[in-house]
Amino acid sequence: MNRFGFTITAVVLAGLLAAGAYLFGARSAGGVAGFAEVARIAQVRQLAPADVAAAVRSFVPPGKHDEYYMISSGGHGGQVLVVGLPSMRILKVIAAFANEPWQGFGYGADWSETILDQGTAGGNGRLTWGDTHHPALSETNGEYDGRWLYINDRAHGRIAMIDLRDFRVKQIVDIPNMQTSHGGVFATPNTDYVHVSSKVPTVWGGGYAPLDQYKDRYRGVSAWLAVDRETGRIDLARSFQIELPPYNQDLADAGKLASDGWGFINSYNTEMAIGGNMEGRPPLEAGASARDFDYLHIINWKKAEEVVRAGKFETRNGVRVIPLGTAIAEGLLYFAPEPRSPHGVDVAPNGRYIVVSGKLDPHTTVYDIELIKKAIAEKNFEGTDPFGVPILKFDAVVAGRVNVGNGPLHTQFDERGHAYTSLFVDSAVAKWTLGEPYFRGEAAWKLVDKVSVHYNIGHLATAEGDTVSPDGRYLVALNKWSVDRYPVIGPLHPQNFQLIDLAGPKMQVVYDMPIPNAEPHYAQIIKADKIKAWAVYPAGTDLRTMGRSPYAIERGKERIERRGNVVTVWMTSARSNFRPDTIRVRRGDTVILHITNTEKIRDATHGFAIPQYNIQMSIDPGETVTVRFVADRPGAFSFYCTEFCSALHLEMQGWLLVEP
Ligand code: CUK
Ligand code: CUA
């Protein structure tokens, strides 16, 4: 903008701001003069009025807290991100499936070692990474309750549980009969279950089967993982699975209110293409898009629960599985045709509408649970799939179709009956209206607004946008590419989150946030006051149980005991020393350190690191942690605290002496 044009803009801006100040009676302490100062800064920084308005919309003053937490997947970094909204400030990176030294996850701390080991089935060594895709906050009556968070590992059939009292992972479950996962994670409205389904069909029963036996020997699976309402932990013994045909089951969502008791899973590759582009077969992307329709899987999980209770299951790899034939015979599994290569499925706040988007179809297709129930009752089928699953007639179950644009993927909702759908190909977000009871007649099923994002949006999230009562207000676009939005930092560009303000009739992009690690997929946005996190652990807390550790001690009770070749150390850490600070062992001894951080004030975390031993722990105030290792390397090792915890932090060190 040239200087002249810019000055005009600044003058207009100053006028607008002054008028605003007058209207709001901002006369004292800054008042009109203050707003003139804002206009002056805007001019110096060459900001247009729209920029200033955008900045004000997302700005949270220093020392003030955000209204929302956004919990985002961290993608193939295996972590979970916690972001404050609307400021878009990163608050935490939670280690979930991948080792993280600075959080003491996977570097000796017993709680982390146990979780990583228990989260790995089979005997090929511990899994140390994952690809987090879909977080699910626990719910009570269809509302986020701020207690727990679940997230799946796309690379493996695994799920992690994070306790929102301390934002640390407490459990990883390697789900039997599932190699890779995608559908869900969703929580049922009261978190009786969290659901995950397979992404790619697996050899049923495990082991190997050639690809030409794909149809017979490979299967998908829908896993209903029972949650202990006291601890949030998953209990495989009370869980069950449903065998599915070997399609690629994709995204999934839980029914609520009108559709409570039901679950929905998209699928693609119902063609059962297996690739082989160098073996004379069509490449998978062509083979899997040959037909015009795939199948929305409609599961009556309350009925499935009864079927399991009646003993109509088989046990496979330690979990109860309803065979496909039983699921069909008992009437708990139906299909509805869904247009080509669907991706997202999202249930509207009242539970009545189920929104499906097909990547190759510019429409969102909206199913109505009342119509689905009616079609099932009337057996209004158009046939069955090759496995005998009844297919509901498309026209009988669809309530509306909306032409939203190219490459629709995922949908979220606001409090007024609007749906927001991400458009991957168009790099845009479409806002459209649902049908009754939200909008009637001409006003229903209508595209009402569209905003460009940058670029290639995947998921999107609105505030509490997948609950029974969304807040709307903010929308975050989780973009896959950032192209020219940031300075070049080498060929791998950051991912890009964009904050969109939903307050006015037009959606407005107000903030860009680079994500520097891995590719997030889904995110959920929860009202901050629902989270009741602990600022300090009660004295001697074991992170696994969140209760008192049997190894916790008070200051003054430190000691070292030797039994045979096992040396056990009860240690405390507090500013600014470890007690004891000298540990003498012999080469080959097993060393067990129980370390209690006896601090009682916020943020007084101490680290504990031993060079050459790959041991690094982060011990928060009140935490007790245990590390075991064999002192197989002789030498004098200076252990130290890795957190700059006090003026005498550098002195917070000691010796591990391993005599040869
Ligand atoms: S999937 Cu990533 S953009 Cu795994 Cu949720 Cu749609
Ligand atoms: Cu404790 Cu540095």
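Up top is the structure.
Report on the accompanying structure.

Checked against the element boundaries, R40 lands in helix 2 (residues 31-44). Residue class for R40 comes out partly exposed when judged on its relative accessible area of 44%. The spacing of R40 and D589 is 549 residues in sequence and 70 Å in space, taken between C-alpha atoms.

Tracing the backbone through its elements, the reader meets A348 in the loop between strand 19 (342-347) and strand 20 (353-358). In this structure the C-alpha to C-alpha distance between A348 and F413, which are 65 residues apart in sequence, comes to 6.8 Å. Filtering out sequence-adjacent residues up to four positions away, A348 remains in contact with K256, Y353, F413 and L434.

What follows concerns the sheet that holds strand 4 (residues 132-140). Sheet architecture is open: four strands sit in the order 4-5-6-7, paired in antiparallel fashion. Sheet topology places strand 4 and strand 7 (168-174) at the edges, where each strand pairs with a single neighbour. The mean inter-strand angle of the sheet, taken between neighbouring strand axes irrespective of direction, is 25°. Bridging between strand 5 (residues 143-153) and strand 6 (residues 158-163) involves six bridges; their strand directions are antiparallel. Bridged to Y150 within strand 6 is M161.

What follows deals with the pairing of strand 39 (residues 606-610). Of all five residues that make up strand 39, five are buried, and the element is covered over most of its length. Of the two faces of strand 39, the one carrying H606, F608 and I610 and the one carrying G607 and A609 are both buried. For strand 39 and strand 40 (residues 615-619), the ladder comprises five bridges, and the chain directions are antiparallel. Note that in strand 40 the partner of F608 across the bridge is M617. Counting the residues in the hairpin turn of strand 39 and strand 40 gives four residues, including Q612, whose phi is positive at 75°.

For the coordinates displayed, the defined rule picks out two cavities of 30 Å³ or more. Looking at the largest cavity, its volume works out to about 250 Å³. Lining the largest cavity are 23 residues, with F186, A252, D253, D466 and Y522 positioned closest to its centre. By volume, the second largest cavity is sized at about 40 Å³. If you go around the second largest cavity, the residues you meet are I94, A95, Q103, F105, W111, R168 and V169. Of all the secondary-structure elements, those providing two or more residues to the lining of the second largest cavity are strand 3 (89-95) and strand 7. The residue makeup of the lining of the second largest cavity, split by class, is five nonpolar, one polar and one charged.

Quick look at the layout of surface pockets now. Here the largest pocket defines a volume of roughly 1300 Å³. Along its surface, the largest pocket is lined by 30 residues, and L91, K92, A533, W534 and A535 are the ones closest to its centre. Secondary structure elements with two or more residues in the lining of the largest pocket: strand 1 (68-73), strand 2 (79-85) and strand 3. In terms of residues, the lining of the largest pocket owes the most to one element, strand 3, which gives three residues. Computed from the structure, the second largest pocket encloses a volume of approximately 550 Å³. D174, N177, M178, Q179 and T202 are the residues nearest the centre of the second largest pocket, which is lined by 24 residues in total. Classifying every residue of the lining of the second largest pocket by side-chain character gives nine nonpolar, 14 polar and one charged.

Of all seven residues that make up strand 31 (residues 495-501), seven are buried, and the element is covered over most of its length. A two-sided burial pattern is seen for strand 31, the buried positions comprising Q495, F497, L499 and D501 on one face and N496, Q498 and I500 on the other. With six bridges connecting them, strand 30 (residues 472-479) and strand 31 associate as antiparallel partners. By the bridge assignment for strand 31, Y474 is matched with D501. Of the strand pairs in this sheet, strand 31 and strand 32 (residues 508-515) are connected by seven bridges, and their pairing is antiparallel. Counterpart to I500 in the pairing with strand 32 is V509.

So, on to unusual backbone geometry. Between L85 and the following residue, P86, the backbone shows a cis peptide bond with an omega angle of 10°. Turning to its location among the elements, P86 is positioned in the loop between strand 2 and strand 3. The peptide bond linking R579 to P580 adopts the cis configuration, its omega dihedral lying at -5°. Tracing the sequence through the fold places P580 in the loop between strand 36 (577-579) and strand 37 (582-586). For W445, which is not glycine, the phi torsion reads 55° and is therefore positive. Its location among the elements puts W445 in the loop between strand 27 (428-433) and strand 28 (447-452). Unusually for a residue other than glycine, Q612 sits at a positive phi of about 75°. Relative to the helices and strands, Q612 is located in the loop between strand 39 and strand 40. Residue classification places Q612 among the exposed residues on the basis of a relative accessible area of 55%.

Here is what the cut-offs are and how they apply
Residues numbered from 1 in each chain as written. Chains lettered and ligands numbered in written order. Predicted model: local features only at pLDDT ≥ 70, side-chain atom pairs only at ≥ 80, totals over all residues. Heavy atoms only, no water. Helix = DSSP H or I, 4+ residues; strand = E, 2+ residues; numbered from the N terminus. Buried < 20%, exposed > 50% of the residue type's maximum accessible area, 1.4 Å probe, protein only. Contact = heavy atoms within 4.5 Å. Pairing = 2+ DSSP bridges. Axes fitted to C-alpha atoms, helices over the stretch in contact; angles between N-to-C directions. 1 Å grid on protein atoms, 1.4 Å probe; cavity = no way out; pocket = protein on both sides within 12 Å on 5 of 7 lines; lining within 4 Å. Points joined across faces, edges and corners; volume = space filled by probe spheres on them. Nonpolar A, V, L, I, M, F, W, Y, C, P; charged D, E, K, R; others polar.

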